Amino acid sequence: DTGVSQDPRHKITKRGQNVTFRCDPISEHNRLYWYRQTLGQGPEFLTYFQNEAQLEKSRLLSDRFSAERPKGSFSTLEIQRTEQGDSAMYLCASSLTGRGYGYTFGSGTRLTVV
Amino acid sequence: AQKVTQAQTEISVVEKEDVTLDCVYETRDTTYYLFWYKQPPSGELVFLIRRNSFDEQNEISGRYSWNFQKSTSSFNFTITASQVVDSAVYFCALSPDRAAGNKLTFGGGTRVLVKP
């Protein structure tokens, strides 16, 4: 297992377009998280899944954002009608269920909205 | 609400100097976990350490050491004899000790620049 994979690594899009990112977690990890990191800041929690169920969403996740994890495997994060403020690094992480397990993070998808 | 504060935004040292990164946290939880992550220029967050709030023993791992003081809500990190490869952004993070979800709250990060 090579860790958490994210695709694409970089995405440049025009304002108003829709974008979709993919995350493939470590296969035995049943929890999957999405975080957003803007320049010079720490990552901020967006949402998490346990298996296929989305159990928590941050208030940062506006109605233009949607995340899915069909069949509890890979996950997608879609942003509709992108805005310049959406420009950020989108990080995916996975972990085992249970108290205090550390996450394994992917390398992230850097989104630039022009 | 949980909060993590890393007051130092950037630290610059010369190779072989020691560098200490400060982390102060706030939480209402009685049990929690604290983490340190390293983010090199490639962007991936690399896990360094996890500590449970019940375990206040300091820890040393190679050139890394951690000082956890519950009384002052601090979890500081020291790199001894720094090397150029240590140049990165370091994040302190906090998560509740709950079975139902353990999302991380990160500090703003401290950029460490080690000059040869």
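Residues numbered from 1 in each chain as written. Chains lettered and ligands numbered in written order. Predicted model: local features only at pLDDT ≥ 70, side-chain atom pairs only at ≥ 80, totals over all residues. Heavy atoms only, no water.

A.B. asks: What should I look at first to understand the interface of chain B and chain A in this one?
C.D. replies: Quoted interface sizes are often the accessible area lost when the parts come together. With 22 residues of chain B at the interface, the matching set in chain A holds 22 residues. Carbon and sulfur atoms make up 47% of the area that chain B and chain A hide from each other, which totals about 1,800 Å². For the interface between chain B and chain A, the tally reads one salt bridge. The partner of Lys103(B) in a salt bridge is Glu56(A), with the nearest N and O atoms 2.6 Å apart. Where chain B packs against chain A, one counts seven residue pairs in polar contact (both at pLDDT 80 or more). Residue assignment for the side of chain B that touches chain A shows that the elements contributing at least two residues are strand E5 (32-39) and strand E6 (46-52) of chain B. Among the elements that make up the side of chain B that touches chain A, the one with the highest residue count is E5(B) (four residues). Tallied by class, residues from the side of chain B that touches chain A come to ten nonpolar, seven polar and five charged. (Contact = heavy atoms within 4.5 Å. Buried area = accessible area lost by both parts, 1.4 Å probe. Salt bridge = Lys/Arg side-chain N within 4 Å of Asp/Glu carboxyl O. Polar contact = N/O pair within 3.5 Å; in protein donor to acceptor, adjacent residues only side chain to side chain. Helix = DSSP H or I, 4+ residues; strand = E, 2+ residues; numbered from the N terminus. Nonpolar A, V, L, I, M, F, W, Y, C, P; charged D, E, K, R; others polar.)

A.B. asks: When you look at the nonpolar core in this model, what are you seeing that I'm missing?
C.D. replies: Nonpolar side chains tend to gather and get buried jointly when the protein is soluble and globular. Grouped together as the largest cluster of nonpolar side chains are 24 residues, with contacts concentrated most on Leu21(B), Trp36(B), Trp66(B), Phe75(B), Phe77(B) and Tyr90(B). Secondary structure elements with two or more residues in this core: strand E2 (10-14), strand E3 (19-21), E5, E6, strand E8 (64-69), strand E9 (74-79), strand E10 (88-96) and strand E12 (110-115) of chain B. Considering every element that reaches this core, the biggest residue donor is E10(B), with four residues. Ignoring any residue separated from it by four or fewer positions in sequence, one finds Phe77(B) in contact with Val19(B), Thr20(B), Leu21(B), Trp36(B), Leu48(B), Tyr64(B), Ser65(B), Trp66(B) and Tyr90(B). Residues Val19(A), Leu61(A), Tyr90(A) and Cys92(A) belong to the second largest nonpolar core, which totals 19 residues. (Core = buried A, V, L, I, M, F, W, Y, C linked by side-chain atoms within 4.5 Å. Buried < 20%, exposed > 50% of the residue type's maximum accessible area, 1.4 Å probe, protein only.)

A.B. asks: In this structure, what is going on with the environment of Val4(A)? I would like to understand it.
C.D. replies: Residue and element names in this part refer to chain A. Note that Val4 resides in the segment before strand E1 (5-7). Between the alpha carbons of Val4 and Phe105 there is a distance of 6.2 Å; along the sequence they are 101 residues apart. When neighbours within four sequence positions are excluded, Val4 is seen to be in contact with Cys23, Asp24, Pro25, Ile26, Cys92, Ser94, Thr104, Phe105 and Gly106.

A.B. asks: Can you help me understand the pattern of salt bridges in this one?
C.D. replies: Per the stated rule, a full pass over the model turns up seven salt bridges over all chains. One salt bridge connects Asp55(B) with Arg51(B), and the closest N-O pair in it is separated by 2.9 Å. We classify Asp55(B) as partly exposed; its relative accessible area is 31%. Residue classification places Arg51(B) among the buried residues on the basis of a relative accessible area of 3%. Sharing partners across several salt bridges, the network here consists of Arg64(A), Glu83(A) and Asp86(A).

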